[in-house]
Amino acid sequence: MSSPELTPEQRADAPLLKADAVSIQFGGLKALTDFNLSIHKGDLQGLIGPNGAGKTTAFNVLTGVYTPTSGNVFVCGERVNKRKPHQINRLGLARTFQNIRLFRALTALDNVKVACRAEAFGDAEAHGVAGALTNGTPLPVFVSNLGALVLAGWWKSLFLTPRFMAEERRITERAEHLLEVMGLSHRRDEEARNLPYGEQRRLEIARALGTQPKVLLLDEPAAGMNTREKADLMVLIRKLRDDFSLGILVIEHDMKLVMGICEKITVLDHGETIARGAPEQVRSDRKVIEAYLGDNYLETHGGAA
Amino acid sequence: MESSSAPASVPGIPPALRGVLPALVAIPILVLLEWGLAGAPFATYLLSIMGVNVILAVSLNIVNGMTGQFSIGHAGFMAVGAYIAGVVSLSLKEIAISGLPVVVSDQVFLLLCLLVGGLAAAVCGFLVGLPSLRLRGDYLAIVTLGFGEIIRVVVQNTDAFGRALGLSGIPQTAGLGMVGFWVFVVVLVARRLAGSSHGRSLWAIREDEVAAEAMGVDTTGYKVRAFVISSFFAGVAGGLFAHFVPIINPGSFTFVKSMEVVVMVVMGGLGSTTGAIVAAMFLTLLPEALRSGFTAMGAEGSLAQKVDQIRMPVYGLMLVALMLLRPQGLFGTKELWEVLPRWLPRRRKGLA
Amino acid sequence: MSQLLQHLINGLASGTIYALVALGYTMVYGVLKLINFAHGDVMMVGVYMGYATAFALGKQAQKSLLGVVLIFLVAMGGCALLGFLIERFAYRPLREKPRLTALITAIGISFALSYGFQLDIGFLPGAAPRAFPEIIVPTEWLIIGDRDVVVWNWQVMSLLIAVGLMVGLQYLVFKTRFGRAMRAVSYDHRVAALMGIPTDRVIAVTFMIGSALAAGAGLLYAIKDTSVSPLMGLYVGLKAFVAAVIGGIGHVPGAVVGALLLGLVEEFVVGYAASTWRDAVAFGILIIVLLAKPGGLFGRVAAEKV
Amino acid sequence: EKKTQQPASPETTDSSKQTAQGGSTAPATPPAKPAASDTLLLGVATSLTGGQATFGVSTRNGIQLAIKEANEAGGVKGKKLEARVYDDQGRPEEAAQAVTRLIDQDKVVLILGDVASSNSLAMAQKAQPAGVPMITPSSTNPAVTEIGDYIFRVCFIDPFQGFVMAKFARENLKFSKVAVLQDNKSAYSIGLTDVFTRKFTEMGGKITGVESYSQGDTDYRAQLTAIKKTQPEAIYVPGYYSEVGVIARQARELGLKVPMLGGDGWDSEKLYELGGTAIQGSYFSNHYSPDNPDPRIQKFVADYKAAYGSVPDALAALAYDAANVAIDALKKAPDTSGKSIRDVIAQTKNFPGIAGAITLDEKRNAVKPAVVLKVGDGKAEYVTTVSP
Amino acid sequence: MSAQVKTLGERDPRPPLLTVEDVKVHYGAIQALKGVSLSVGKGEVVALIGANGAGKTSTLRAVSGMLKPSGGKITLAGQNITGMKAHQLVPKGMAHAPEGRGIFPNLTVQENLDLGAYLRRDTEAIAADQEKSFGLFPVLKERRKQMAGTLSGGEQQMLAIARALLSRPQLLLLDEPSLGLAPQVTETIFRTLRDVNATGMSILLVEQNAHLALSMAHYGYVLETGEVVMAGKGKALLESPEVRKAYLGE
Ligand SMILES: Nc1ncnc2c1ncn2[C@@H]1O[C@H](COP(=O)(O)OP(=O)(O)OP(=O)(O)O)[C@@H](O)[C@H]1O
Ligand SMILES: Nc1ncnc2c1ncn2[C@@H]1O[C@H](COP(=O)(O)OP(=O)(O)OP(=O)(O)O)[C@@H](O)[C@H]1O
Ligand SMILES: CC(C)C[C@H](N)C(=O)O
Ligand SMILES: [Mg+2]
Ligand SMILES: [Mg+2]
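Calculation rules
- Residues numbered from 1 in each chain as written.
- Chains lettered and ligands numbered in written order.
- Predicted model: local features only at pLDDT ≥ 70, side-chain atom pairs only at ≥ 80, totals over all residues.
- Heavy atoms only, no water.
- Helix = DSSP H or I, 4+ residues; strand = E, 2+ residues; numbered from the N terminus.
- Rg over C-alpha atoms; globule rule 2.2 N^0.38 Å.
- Buried < 20%, exposed > 50% of the residue type's maximum accessible area, 1.4 Å probe, protein only.
- Contact = heavy atoms within 4.5 Å.
- Areas by Shrake-Rupley, 256 points an atom, 1.4 Å probe, with all protein chains shown as cover.
- Lys, Arg positive; Asp, Glu negative; His and termini not counted.
- Charge placed at Lys NZ, Arg CZ, Asp CG, Glu CD.
- Buried area = accessible area lost by both parts, 1.4 Å probe.
- Salt bridge = Lys/Arg side-chain N within 4 Å of Asp/Glu carboxyl O.
- Polar contact = N/O pair within 3.5 Å; in protein donor to acceptor, adjacent residues only side chain to side chain.
- Donors = N, O, S within 2.8 Å, 3.2 Å for Na, K, Ca; no water.
- Near = heavy atom within 4 Å.
- Nonpolar A, V, L, I, M, F, W, Y, C, P; charged D, E, K, R; others polar.
- UniProt positions renumbered as here; feature names shortened; annotations may be inferred.
- Pairing = 2+ DSSP bridges.
- Axes fitted to C-alpha atoms, helices over the stretch in contact; angles between N-to-C directions.
- Core = buried A, V, L, I, M, F, W, Y, C linked by side-chain atoms within 4.5 Å.
- Left-handed = near helix turned anticlockwise from the far one by under 90°.

Quick look at the overall build of chain D now. Scanning chain D from N- to C-terminus turns up 13 helices and 14 strands. Taking 21 Å as the expected radius of gyration for a compact globule of 388 residues, we find that chain D reaches 21 Å, a close match to that expectation. With the C-alpha coordinates aligned to their principal axes, the bounding extent of chain D is approximately 60 × 60 × 35 Å. Taken across its 388 residues, chain D has 67% of its residues classed as buried. In chain D, of all internal contacts separated by at least 6 residues, the share reaching a separation of at least 24 is 67%. For chain D, the exposed area adds up to about 12400 Å²; of that, 51% sits on carbon and sulfur atoms. Side chains of chain D give 43 positive and 43 negative charges; the mean places of these two sets differ by 3 Å.

What follows deals with the environment of L112 of chain D. Residue and element names in this part refer to chain D. Note on placement: L112 falls in strand β3 (residues 110-112). Sequence separation between L112 and N172 is 60 residues; the distance between their C-alpha atoms is 36 Å. With sequence-adjacent residues up to four places away left out, L112 is seen in contact with L42, G43, V44, A45, I63, M123, I135, A322, A323 and A326.

Attention now goes to the interface of chain B and chain D. Taken residue by residue, the interface counts 50 residues in chain B and 43 residues in chain D. Both sides together, the interface formed by chain B and chain D hides about 4200 Å², and carbon and sulfur atoms give 53% of it. When the buried area of chain B at its contact with chain D is split by residue, F42, E94 and L165 of chain B rank highest and sum to 15% of it. Applying the counting rule to chain B against chain D returns two salt bridges. Here chain B is connected to chain D by twelve residue pairs in polar contact (both at pLDDT 80 or more). Among the elements that take part in the side of chain B that touches chain D, helix α4 (residues 41-66) of chain B stands out by supplying six residues, more than any other.

Residues and elements named next belong to chain A. Bound to the magnesium ion (ligand 4) are the protein donor atoms T56 (OG1) and Q98 (OE1), situated 1.9 to 2.1 Å from the metal. One end of the pair, T56, is in helix α1 (residues 55-62); the other, Q98, is in the loop between β6 (93-95) and α3 (108-116), and 42 residues separate them in sequence. Taken individually, T56 and Q98 each receive the classification buried, so the pair is uniform in this respect.

Residue and element names in this part refer to chain D. Surveying the vicinity of ligand 3 reveals the residues F55, V115, A116, S117, S138, S139, T140, Y188, Y240, D264, G265 and L315. Measuring from a nitrogen atom of ligand 3, one finds a side-chain N or O atom of T140 at 2.8 Å. Burial of ligand 3 by the surrounding chains reaches 99%, relative to a free accessible area of 280 Å². Class assignment for the residues of the shell around ligand 3 results in six nonpolar, five polar and one charged.

Moving on: the UniProt feature "transmembrane region" (unreviewed entry) in chain C. Residues and elements named next belong to chain C. Mapped onto the present numbering, the UniProt feature "transmembrane region" (unreviewed entry) falls at residues 12-32, 64-86, 98-117, 152-174, 202-223 and 280-303. End C-alpha atoms of residues 64-86 are separated by 33 Å, and the span's content is 96% helix alongside 0% strand. Helix makes up 90% of residues 98-117 and strand 0%, with an end-to-end C-alpha separation of 30 Å.

The protein atoms donating to the magnesium ion (ligand 5) are T57 of chain E (OG1) and E99 of chain E (OE), with metal-donor distances spanning 1.8 to 2.0 Å. Of this pair, T57 of chain E sits in helix α1 (residues 56-64) while E99 of chain E sits in the loop between β7 (94-97) and α3 (109-116); the two residues are 42 residues apart in sequence, bridging distant segments of the chain.

Let us look at the sheet that holds strand β5 (residues 151-153) of chain D. Residue and element names in this part refer to chain D. Read across the sheet, five strands follow the order β2-β1-β3-β4-β5 without closing on themselves; strand pairing throughout is parallel. If you trace the sheet from one side to the other, it starts and ends with β2 (80-87) and β5, each paired once. Strand after strand, the sheet turns through a mean of 25 degrees between neighbouring axes, direction not considered. Where helix α2 (residues 53-72) meets the sheet, it contacts β1 (39-46), β2 and β3, and its direction lies at approximately 170 degrees from that of β2.

For the rest of this paragraph, the subject is the sheet that holds strand β7 (residues 215-219) of chain A. Residues and elements named next belong to chain A. Spatially, β6-β7-β8-β3-β9-β10 is the arrangement adopted by the six strands of the open sheet, whose pairing is mixed. Single-partner strands in this sheet number two, and they are β6 and β10 (272-277). Between one strand axis and the next, the sheet turns through 20 degrees on average, direction left out of account. Against the sheet, helix α8 (residues 197-210) makes contact with β6 and β7, and its axis sits at roughly 160 degrees relative to β7, the strand it touches most. Helix α12 (residues 286-293) contacts β3 (44-48), β9 (264-269) and β10 of the sheet and is inclined by roughly 120 degrees relative to β10.

What follows covers the nonpolar core. Formed by 250 residues in total, the largest nonpolar core has its most connected members in W182 and L240 of chain B together with F37 and I197 of chain C. A total of 14 residues in this core trace back to one element, the largest contributor, which is helix α11 (residues 219-242) of chain B. Residue contacts for I197 of chain C: discarding those within four places in its chain leaves A181, A184, V185, A192 and V202 of chain C together with H87, L115 and Y118 of chain E. Of all hydrophobic cores here, the second largest spans 95 residues; its members include I205, M259 and I274 of chain A together with V185 of chain E.

Residue and element names in this part refer to chain C. Relative orientation of the contacting elements helix α1 (residues 2-32) and helix α10 (residues 252-272) amounts to 145 degrees, with a least axis distance of 6 Å. α10 is crossed by α1, and the crossing has right-handed handedness. Here the contact of α1 with α10 is composed, by residue class, of 16 nonpolar, ten polar and two charged.

What follows is about the arrangement of the chains. The chain pair with the greatest number of contacts, out of seven pairs of chains in contact, is formed by chains B and D. At the C-alpha level, the nearest point of chain A lies 33 Å from chain D, with no contact between them.

Turning our eyes to something else, we now look at the site of ligand 2. Ligand 2 sits among 18 residues. The nearest are N194 and Y197 of chain A together with K56, T57 and S58 of chain E. Nearby residues place ligand 2 at the junction of chains A and E. G53 of chain E places a polar main-chain atom, nitrogen or oxygen, 2.8 Å from an oxygen atom of ligand 2. Interatomic distance of 2.5 Å between a side-chain N/O atom of S58 of chain E and an oxygen atom of ligand 2. Contact with the protein chains covers 87% of the free accessible surface of ligand 2, which is 630 Å². Of all the secondary structure elements, the ones that give two or more residues to the shell around ligand 2 are α8 of chain A together with β3 (30-41) and α1 of chain E. Looking at which element gives the most residues to the shell around ligand 2, the answer is α1 of chain E, with three residues. Of the residues in the shell around ligand 2, the class split is seven nonpolar, eight polar and three charged.

With that settled, the discussion passes to the environment of K334 of chain B. All names here are of chain B. Along the polypeptide, K334 turns up in the loop between α15 (307-325) and α16 (336-343). Judged by relative accessible area, which is 13%, K334 ranks as buried. Counting along the chain gives 59 residues from K334 to G275, while the straight-line C-alpha distance between them is 8.0 Å.

Right, dumping it as structure tokens:
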């Protein structure tokens, strides 16, 4: 049994994603306290805990939706506490949402294409208007950024330069490929809102992959799927990790899935990390059973280990 | 039915041509228009107004339709463009570029004034776009409306802008060719934008800002940019307006005008460029058509004497009726060529 | 000093009227999330109904208590009906459609009413402003010095009515079953229906209350400024809307506070600074307030959990 | 390089350029023929909706009365006259559009309108290059007729009107301190304010303060409170009756009892209704007084009342005059081409109008006296006449 | 043209409460239900299972009046309720915890619960029922004053169920009640459902967790692309090889 801090394989020294003593409060409610986490390439980790434990909140802090009250978040070695979500995304962190948030009136393909777009832009974009405003960029730089922004990309689309056309074609191809990977090719031209729940979940994953992430955060990807679909999803997640060489962090209440695919699991309760380790380890942890799994769980699934 | 990618949806055209094709088609049409209607001042005037309305509607559609931000202060940007272009033009009035025929020199100056007016409006658009970083929906709307009203007050109190009387004597150099040229430009920009990653990013913002941001879309940047582009064209529209309407005054740029443009955008279908065009044309013609209709009813008699006032309430009721008939707008979020095939050949069953 | 006091009174008086109109705006917005651009015009129609009633009553009867009550009842009842019809035929069919759609029908109704009332065919009044009859004989309620400062009975009356209505509405919205239904409908009318709430009826009733309020406000406004005209709704409607937004649209006391604030600011800009910049300052304040508090003074920006 | 320094080359006679620069150059396009052969069509564009709608309605009524009478008297050149009236919503671009339509589609021989000077300015710039004569009944801003030699007016201009009231206030009423309350949305009001302030100061008076409101406002207490502080002997309110009446009431309410002074924008039956007793005792300059015992005027008042149920205001009278000047010109002109009509109108001398005899000067403005009226109970009483 | 329905096992006879006959649902041009027939007896728990997009949610929506079926007939306690609006059905004893939870995000937890009992006037009984749901979901009691929109996903789910129960329905429609819930809470909820069922409440349950649903249901239907393809007693379905293969992944 491996200790949580050690990993057997050779890995890049800087973790792709690292949370260092991150805490966040909403009013008086401590939603997350001293949360630590690091994800390396090829990791497949789980984040579990009772409802309201702070799992989604952790995702929100990591992806920049919330700013941590204290602690630091690093993506690929860069501190991203005050970055905007889109900047963090461009560093290589992508996510899905627990309450599905697709671009409802866009087709499945366009949903993915929106995400695929990022590669089509130069550096000017990365510092965008918001960047210039929030990072106290001096005015001239800001203005030239603005100019570059308005002219650079939009210019190309105006005249349909061959490079632009090629880029568009590449984007479409990649988006189609991702739909295929997620088994959604037959829904290519259907509006996202008309897809059934389970397919919407998969479309969310396809879209997240479109941004070419290094780390993928999945918030309850199996919710709304039946047992059979869940089983397929397990295979798929592993495959994504391997094919796209991702680090993956999954929130899930389906223990079969979590225990089945995760190599390491962090358990939250009331915002605090109450356990961390390999599935077997976590599953038999007294605190975890009390707070989350329930005695029943051990009875019905105990023997499965 | 897919709602995207104009370039890809026109089959059978060699890719090398696509970039310039619209220009090749548009230029002869513009030339024909300018010449063909030279002796028809009313048609010219109406078409010019229509062109300005099309520019306004198509540009507002970039913000309201594509980006999903709710701006109802477009007349303000138009006013900025009109007054700035007008003032510049007045100061250049006595000058001509030597070596060029006066007509050409006039058009060069006009273009210059339009660009200046457009840029001034774009700067204002940037300033108004900034609050959109913090404001949503109706709150943003009221800020844009307030902004438009502030501009009106500023104009009303500035002597250089002629105060309540307005500016007159601006060279009337904007012909159908110039108006048409800008209609062409704005439509091209809007359509090409819609067919590009940028356009998709705008739609993403319209659909779900949080998700768009999470997918790497610089939402604030895009919103501001949409505002800037949209107000640039509103400014150009204003500039054009100032160069064929004999006098501009603050009363032409009130929030009622803004509302008219919003109506065009919604009636055309939010996000649909062709929809905005058709609606703008339709709504410009409607009052004149009503005028013709009522005039035909006879000029004598007590009702007929009041005919021309009846236009406006009827116009209002027609807005209601049209929205009830086609709540999604003329083309929904789609474009003309996506909808037309469904309307034309055969009526599909199931579509009541 | 006395001038300051007089400005204060003037500002409160006009703020009160804004408040009354803004209350209706805010209520309708509250349940429908619709900027009811026709609200000001409904108000205008209400005033004309009151005007016609007063006219029918004749010079004597219109000044009696009964006459005044009758005038208010007719105007408010008439507007409630008008509001009902507008909601039923111009807004309800668009309930499931994008919100902007209903905005356009609102604009259409607004055009139809304000231009329609400028016609002088049949019973329609024509474009000219009319003097509104003195149904409440103005008497000085308070005089300071040699008429340096004068407070009139109707000023006090309007303020009391506005505050009373605000309290009443606040009670209605937050303390009654109907209010709870209103709020539920405002957040999600489909789910509200699942709770057994008759959404159509709730919306219709809210609309009728809002329109009746508009009529009442309009009458007080006409009494204050002694005239009626077909375009009166446009301007007051816009200002009241601004007031409602400053206070946080959908928020009942917010509308009143926003309106009083707006009334006072306008008064003092005119009184002590340049009167030509009044509207610019009014909208400037609006923008500043919104930049500082994006939901208005009291409004909440809807909490959105990701 | 200065264009004006170039000799007039063929290019510079491009018609659009001239419109803008004004001046009296010949029209580029030949005048249009009337639509139907048995009628002569007169074009009217005025504001029938919007804030200034009542002015437009009076104007239309006045014109239609004149046309009716002319038709009853046998028409012109054996043809019946007809007016095509278009609403310009009080917006200059709509006015320009309406006029263009009148000229291009309806082929009117002549244009009448508008009231508000900004609209007339827009219309004039369309009528001038088309070579269609235009007579504005009541636009008093000097700029209107400066557009070109096809543009006329049958009323006096603002500089005169402002002077009249300044003189009256200073010399007849002996006031030395007057405050001004102007309508910031109306060019007319701003123009009068300028002239009045200048003239009144020149005559040794003092302007104690200038406050503004916007057309459509109904609450003027703030401005009035500020004015009250300056303790003027009178308030000059060069606005429209629709606001003035209410202003008077609110002034009284605030204890401001000094008389108010104004201009022709006050003239409407509604003024007395709106202003009630508060407006009584105030003075305004005007084009005519319906009290004038002259039988011609009394007949007009009576006819108008019979047709429209109200006492004709100055706008109706001026519109009636403008229409009659036009009809007279049509009768006298050798043909109905724009140029012939224009030439005849330009000769107008001592034409017996309701609002005074009309003589057009070389700038195509009517030179005529103004009357000063005092507001009484339900009507205005004649006080004096001031000649230019 | 309804497909062959394979029926397993004999259904316990009960007086019918809800019957759905050949109901069709269209979304614009898309047909989501091609003619679904099913019934729920008094005091019965009926499960509806099926793959993504099979039409489970659409069926519940048609029953509760959230959408108007384009064909077929629905009766509740013998009364034809086809095409009735949702708010007319609540007084008849219908409660629906919809997909996506449908809580009011800007109302507090307490206000959400109050709305559940909107039509009831028995104040004391309501209070008692509310206490009961707090017993069930203690976290809701802690968060009474919190805006429901800021609750965690699972907490919102609890709120939605508690709210539906507060109207004391005869027939409870639940759309994936276990969605996003921790295993322990799922158990609590199913235990509760058993309890309320024991008091006579009928339940029509849509659930992805077929195992859980079928083991508690008296009767079950399997929906595939808008049609019922199989029906039978809960246990019988659970044991059928088709179901095991398609929905339990075995
Ligand atoms: N914006 C917010 N404002 C106030 N409280 C919040 C906010 N976001 C989350 N919370 C609270 O923080 C706690 C953690 O929420 P979170 O969504 O992270 O839970 P979770 O672990 O994802 O639960 P679940 O499994 O039910 O999704 C909850 O109690 C929730 O009510
Ligand atoms: N609003 C809608 N507009 C168009 N099509 C819809 C809509 N809602 C559902 N559909 C379509 O109807 C079909 C049935 O959907 P429904 O939501 O009833 O399935 P479900 O069985 O509940 O699926 P899930 O398990 O994913 O919730 C699906 O094909 C879906 O795409
Ligand atoms: C109604 C009139 C007072 C109008 C004024 N003479 C003008 O030129 O605008
Ligand atoms: Mg969560
Ligand atoms: Mg479903």
